[in-house]
Amino acid sequence: MKKLIAILLTASFAMVATAESPSLSPSAPDGLREGGTLGKVGDAPPIAGDPRDVKREVRNYPEQPPVIPHSIRGYQVDKRFNRCLECHSRESAPSAGAPMVSVTHFMDRNFQVRAEVTPGRYFCTQCHVPQTDAEALVESDFKPIDQVIRQGAREDSQ
Ligand code: HEC
Ligand code: HEC
């Protein structure tokens, strides 16, 4: 009898484990991931191509963090070491031939300009991303500021 119960219990546990849990596959609209596939493990999307021989891009508006025109794969940025500042710091920029981080990167929260890059701007990739050949993840009708101004001027003159 005990053996039978054990077999039945094992079987029912196995059924629970193999049945796809409905809570993991609710129907949902397509987003960045296809709807209703939360319970499935899909293929990882390919890593976007590294920038090679890309030029510095025009910024779309003055406060845009410029995109990075070079690869940053393997660059260490942590509490002890910041690879980016090896080239972009005030001291290193001229010899590295890299643009120095701008004055905003030295300002603390009271807009006081410090000698060192402020902690709020220390982790560069919070704001700067490398240029890649990645497809846009979502549709965007963003227009660069020059286009907005030109369009406004045209409408005014009409
Ligand atoms: C080996 C030196 C070196 C390192 C390390 C380096 N950079 Fe650069 N970076 C450059 C050079 C040189 C340029 C200018 C390229 C050009 O003019 O085409 C540049 C350009 C840039 C620009 C574009 C600036 C603009 O005004 O368009 C950004 C942003 C940038 N780097 C961010 C970073 C970040 C973030 C890191 C660390 C993850 C980093 N860089 C590490 C040398 C370096
Ligand atoms: C909080 C967001 C933020 C962080 C973090 C940040 N930046 Fe920037 N960065 C910006 C913005 C916004 C601009 C453009 C406006 C400006 O200069 O403030 C910029 C401009 C730059 C430029 C162009 C400077 C120029 O005068 O053309 C370089 C180079 C740069 N950043 C490098 C870095 C590096 C290296 C780090 C890490 C040590 C870093 N940034 C961290 C937002 C950030």
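Thresholds applied
- Residues numbered from 1 in each chain as written.
- Chains lettered and ligands numbered in written order.
- Predicted model: local features only at pLDDT ≥ 70, side-chain atom pairs only at ≥ 80, totals over all residues.
- Heavy atoms only, no water.
- UniProt positions renumbered as here; feature names shortened; annotations may be inferred.
- Helix = DSSP H or I, 4+ residues; strand = E, 2+ residues; numbered from the N terminus.
- Buried < 20%, exposed > 50% of the residue type's maximum accessible area, 1.4 Å probe, protein only.
- Polar contact = N/O pair within 3.5 Å; in protein donor to acceptor, adjacent residues only side chain to side chain.
- Contact = heavy atoms within 4.5 Å.
- Near = heavy atom within 4 Å.
- Donors = N, O, S within 2.8 Å, 3.2 Å for Na, K, Ca; no water.
- 1 Å grid on protein atoms, 1.4 Å probe; cavity = no way out; pocket = protein on both sides within 12 Å on 5 of 7 lines; lining within 4 Å.
- Sits in = over half its atoms within 2 Å of the grid points.
- Nonpolar A, V, L, I, M, F, W, Y, C, P; charged D, E, K, R; others polar.

The name an unreviewed UniProt entry gives the protein is Periplasmic nitrate reductase, electron transfer subunit, with Marinobacter azerbaijanicus as the organism. Recorded in UniProt under Sequence similarities (unreviewed entry), the annotation for the protein is "Belongs to the NapB family."

> Now, about the side chain of Gln-131: what can you tell me, with residues and values included?
Considering the arrangement of structural elements, one finds Gln-131 in the loop between helix 3 (93-96) and helix 4 (145-157). Take Gln-131: its relative accessible area is 11%, and that puts it in the buried class. In terms of polar contacts, Gln-131 uses its side chain to reach the backbone carbonyl oxygen of Lys-55, at 3.1 Å. Excluding residues that lie within four positions of it along the chain, Gln-131 makes contacts with Gly-49, Pro-51, Val-54, Lys-55, Glu-57, Val-67, Ile-68 and Pro-69.

> I'd like a description of the site of ligand 2, backed by residues and values.
Around ligand 2 sit 22 residues in total, of which Ser-102, His-105, Cys-124, Cys-127 and His-128 are the nearest. In the environment of ligand 2, an oxygen atom lies 2.3 Å from a nitrogen or oxygen atom belonging to the side chain of Ser-102. His-105 places a polar side-chain atom, nitrogen or oxygen, 2.8 Å from a nitrogen atom of ligand 2.

> An account of the coordination of the iron atom of ligand 1 is requested, with residue identities and associated values reported.
Taken together, the protein donors to the iron atom of ligand 1 comprise His-70 (NE2) and His-88 (NE2), at separations of 2.0 Å. Overall, the relative accessible area of 30% leaves His-70 in the partly exposed class. Residue classification places His-88 among the partly exposed positions, given a relative accessible area of 22%.

> Talk me through the site of ligand 1; I want residue IDs and the actual numbers.
Taken together, 18 residues are adjacent to ligand 1, and Arg-56, His-70, Cys-84, Cys-87 and His-88 come closest. Here an oxygen atom of ligand 1 and a side-chain polar atom of Arg-59 are 3.2 Å apart. In the environment of ligand 1, a nitrogen atom lies 2.8 Å from a nitrogen or oxygen atom belonging to the side chain of His-70. Most atoms of ligand 1, that is more than half of them, are within 2 Å of grid points of the largest pocket. Residue composition of the shell around ligand 1, by class: 11 nonpolar, four polar and three charged.

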